[in-house]
Each structure stands twice: as C-alpha cells, then as structure tokens.
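So you can see what is in the structure, the chains are spelled out below.
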Amino acid sequence: MANNMTDTMTRPDSNNDSAANLEQNNKTAGQSWFNRPIPGIKQQLTAPLTAVETEPSTECSSCHSMITNTALIFNCYVCPHCDHHLPMSARERLNWLLDQVDGELGQEFTAKDPLSFVDSKPYPQRMTEAQEKTGESEALIVMHGKLRNLDVVTCAFDFRFMGGSMGSVVGDRFVQAAEKALEDKVPLVCFAASGGARMQEGLLSLMQMARTAAAIERLRLAGIPYIVVLTNPVYGGVTASLAMIGDIHLAEPKAMIGFAGKRVIEQTVRETLEEPFQRAEFLLEHGVVDEVVHRHQLIDTIYRLLAKLCSVPNVDAQ
C-alpha cells in the first residue's frame, strides 16, 4: 500500500517533467527550423567601395595605377605611386603658375582655311572637333599676371588641341605675348608641348618659326628674360624655333624633346636608339637643356631665376 501511495505521489511529477521536456523540444525544433539557412542561397559580403571606384579617376600611363582626379589636381598631376608626370592642360598650367591672373591675350585671333586643306577630314572640321574636345579656341593660351612679387607674361601649349601644332594663330598669340612683355618690360615664360608646325596651313605655319624667332630676338636686345619650360613632348618646328632660343631652358623629368621623331632618325641612320635617347635627362647630359626640374619645384625654380635676372628682391629669401 505504501508502494501504491508512492506511485500515486510520483506519477504527477513524471507527467509534468515529460510535458515540460516535450514543450522545450518543440520550441527548440521550431527555432532551428525557422533560423536554418535556405539551401542554395549564400550571403555575400561586399567590401565598401574605395575612392577610386566612386570618383572620376585617371590611369597612370607609366605604372597603370588608378588615381582619382582630385588627388591628381592636388599633386600637380604627378602620379603619387611612381612619380610620373602626367600632362596638364594649358589653362590649368597657367592658373597653377600665376598667383594672380590680370588678363588673357590673343582671343581675338581665329584660324582660317587659306588652302582649303582636306586630308581624311576638312581642316575646319578638325578645328571644330578640337575646340569641342578641349574647350579652347587654339593650341596656345597666353595670360599675364603676377608670380609672387613679379609681373610676368606666360603662354602654354595645349597638346590636346591637334597635338599642340603651331599654326598662324599660335604665331600671332606668341608674338602678341612677346610684344606685351616688351611693352611692360616684364619677363616672358613659355611652356612648350607640341608636335611641330601645322601641316594644314602649309607655308603659313612654317613662317611662324621666323616670326616667333624675330619676336624673341627683340626681347633679347631689350634685355628682357625669356624662359622656356620643355614638357612632354616637344618636336618639329616648335623645337626648331621658340622652344630652343630662350635665355634659360628647363625641362620636366623624362620629357621627350627633339626635332625629328625617334623612329624617323632610326630609319635614317639605320641604328637602334635606346633609352634615354631624346629624354630630358639625355639632353641635359649633352648640354641642350640647363636643368631638369621636378614639377613640385618648378614654380620656385622659375621665380628664383626670374628674380635673379630681373634684379628684384627674392621674397622667398627674406
């Protein structure tokens, strides 16, 4: 009887335990079913986008790394990875050089088509395409303003505009820049980047070599400094005239400088010309240029030279 009473006393507890265990098992089974992953669907973890993927970027032509355009502007268009000097537009370069722009010269000159020249395209069509591509009316930009405490006249070739070729308008603008420097008795600085004379204007473009050389000679006779900065590349009639008759010739690192192209010379002399033939460093070694200057030091170098040549106080030395 005692055993029966014991069984009666313990059965309700056993039933309660079983019910609690069953409820817990059902709850656990429900949670695992609800939370289990669906077969065939994988969660992909996406890394946050970098600045190069979200901003307009440019590929370095030397090391092929991608650099944001903002970083290039702040680094003067010098690759932060390999130190390669990327090209700058003429307007960007002059605005970068001058602390104050007082005006622009030569915008009244426009190109004509005196020969009605047609190659694969008519000359007026090529001009229109170049103007739409660059936003400029010609291959040479001329500005005058201040470089620290110095009044200067500056001009720069834009290689994007038909290879920076020198036509009659380029000659007109350069002569006007020289006449402005002569009138105000201020130095002239030219950034050269060109493939040479513009074939679409024939003899008229070749005559600009004599015109620009005559204007530079007038500056020399008046004792007005003329500094040339050779950028990549400078060839043809520009090299044979205004780019090689300055008082001082500076060059950016690894700039290609010459009259005829490397392949033309190789075919003529029947020899292979290895690097660094026609590079700025090669020309420095052979006495063609006076100094190869990194772009980050270029403004300071130009100012120091002009302050010395013009006999004005060097504000950097004070």
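This structure is a prediction, so every number in the text was calculated from the model and none was measured.

1. With respect to the overall build of the protein
The helix and strand inventory of the protein stands at 11 helices and 9 strands. Counting across all 318 residues of the protein, residues that qualify as buried make up 38%. As displayed, the protein has an accessible area near 18100 Å², and 55% of this comes from carbon and sulfur atoms.

2. Side note on the nonpolar core
Judged by nonpolar contacts, the single largest core of 41 residues is most densely connected at Phe174, Leu188, Tyr226, Leu230 and Leu242. Of all the secondary-structure elements, those providing two or more residues to this core are α5 (123-134), β4 (140-147), β5 (150-157), α6 (168-184), β6 (188-194), α7 (203-221), β7 (226-234) and α10 (280-285). At 7 residues, α6 tops the list of elements feeding residues into this core. Look past the residues within four positions of Leu230 in its chain and what remains in contact with it is Ala192, Ala243, Met244, Leu250, Ala251, Glu252, Ala255, Ile257 and Val289.

3. With respect to the UniProt feature "binding site: Zn(2+)" (unreviewed entry) in the protein
As annotated in UniProt, the feature "binding site: Zn(2+)" (unreviewed entry) corresponds to Cys60, Cys63, Cys79 and Cys82 in the numbering used here. Maximum C-alpha separation among the annotated residues is 8.8 Å over a sequence range of 23 residues, consistent with a single clustered spot. Residues from the annotated list that form part of the lining of the largest pocket: Cys82. Within the element layout of this structure, Cys63 appears in the loop between β1 (57-59) and β2 (66-68). A relative accessible area of 32% means that Cys63 is categorised as partly exposed. For Cys63, the residues in contact, after removing those within four places along its chain, are Cys79, His81 and Cys82.

4. Description of the environment of Val186
Relative to the assigned elements, Val186 resides in the loop between α6 and β6. Beyond its immediate sequence surroundings of up to four residues, Val186 is in contact with Asp151, Val152, Val153, Ala181 and Ile224.

5. Things to note about the layout of surface pockets
Roughly 650 Å³ of internal volume is contained in the largest pocket. If you go around the largest pocket, you meet 32 residues; those closest to its centre are His85, Leu86, Pro87, Met88 and Arg295. Of all the elements in the fold, those that place two or more residues in the lining of the largest pocket are α3 (69-74), α4 (90-97), β5 and β7. Here the lining of the largest pocket is composed, by residue class, of 15 nonpolar, 8 polar and 9 charged.

6. Concerning the pattern of salt bridges
By the definition in use, this model includes 14 salt bridges. The partner of Glu252 in a salt bridge is Arg295, and the shortest N-O contact between them spans 2.9 Å. Of this pair, Glu252 sits in the loop between β8 (248-251) and α9 (262-269) while Arg295 sits in helix α11 (residues 295-310); the two residues are 43 residues apart in sequence, bridging distant segments of the chain. Assessed through its relative accessible area of 3%, Glu252 is described here as buried. Salt bridges sharing partners connect three or more residues here, namely Arg91, Glu104 and Glu136.

7. What about the pairing of β8?
Here β8 shows no split at all, with Ile248 and Leu250 on one side and His249 and Ala251 on the other all buried. Note: β7 against β8, 4 bridges, orientation parallel. Residue pairing across strands places Ile227 opposite Ile248, the latter belonging to β8. Note that β8 and strand β9 (residues 291-292) share 2 bridges and pair parallel. The partner of Leu250 across the bridge, within β9, is Glu291.

8. Here we look at the sheet that holds β9
The strands that make up a sheet are held in pairs by hydrogen bonds between backbone atoms, and each pair lies either parallel or antiparallel. One open sheet holds the 7 strands; their spatial order is β3-β4-β5-β6-β7-β8-β9, and the pairing between them is mixed. Here the strands that pair on one side only, and so sit at the sheet edges, are β3 (100-105) and β9. Set on the sheet, α6 makes contact with β3, β4, β5, β6 and β7; between it and β4 the angle comes to about 20°.

9. A short note on a nonpolar patch on the surface
On the surface, a cluster of nonpolar side chains totalling about 310 Å² of accessible area is made up of Leu203, Leu206 and Met207. Within the secondary structure, Leu206 sits in helix α7.

10. Quick word on the pairing of β4
Taken across its 8 residues, β4 has 7 buried, putting it largely inside the fold. Between β4 and β5, which pair antiparallel and follow one another directly, the connecting turn spans 2 residues, one of which, Arg148, has a positive phi of 60°.

11. Comments concerning the packing of aromatic side chains
Aromatic ring pairs are reported here in terms of the distance separating the ring centres and the angle at which the planes meet. This model, assessed by the stated rule, comprises 2 aromatic pairs. With a centroid separation of 6.0 Å and 75° between ring planes, the pair formed by Phe174 and Tyr226 is classed as edge-to-face. Remark: Tyr226 occurs in strand β7 and Phe174 occurs in helix α6; sequence separation between them is 52 residues. Each member of the pair, Phe174 together with Tyr226, is buried.

12. A look at the environment of Ala90
Mapped onto the fold, Ala90 is located in helix α4. For Ala90, a relative accessible area of 1% translates into the label buried. In this structure, the C-alpha to C-alpha distance between Ala90 and Phe191, residues 101 residues apart in sequence, is 8.2 Å.

Rules used in this analysis
Residues numbered from 1 in each chain as written. Predicted model: local features only at pLDDT ≥ 70, side-chain atom pairs only at ≥ 80, totals over all residues. Heavy atoms only, no water. Helix = DSSP H or I, 4+ residues; strand = E, 2+ residues; numbered from the N terminus. Buried < 20%, exposed > 50% of the residue type's maximum accessible area, 1.4 Å probe, protein only. Areas by Shrake-Rupley, 256 points an atom, 1.4 Å probe, with all protein chains shown as cover. Core = buried A, V, L, I, M, F, W, Y, C linked by side-chain atoms within 4.5 Å. Contact = heavy atoms within 4.5 Å. UniProt positions renumbered as here; feature names shortened; annotations may be inferred. 1 Å grid on protein atoms, 1.4 Å probe; cavity = no way out; pocket = protein on both sides within 12 Å on 5 of 7 lines; lining within 4 Å. Points joined across faces, edges and corners; volume = space filled by probe spheres on them. Nonpolar A, V, L, I, M, F, W, Y, C, P; charged D, E, K, R; others polar. Salt bridge = Lys/Arg side-chain N within 4 Å of Asp/Glu carboxyl O. Pairing = 2+ DSSP bridges. Axes fitted to C-alpha atoms, helices over the stretch in contact; angles between N-to-C directions. Patch = residues over 30% accessible without salt bridge, like charges linked within 9 Å, V, L, I, M, F, W, Y side chains within 5 Å. Phe/Tyr/Trp six-rings, centres within 6.5 Å; stacked < 30°, edge-to-face > 60°.

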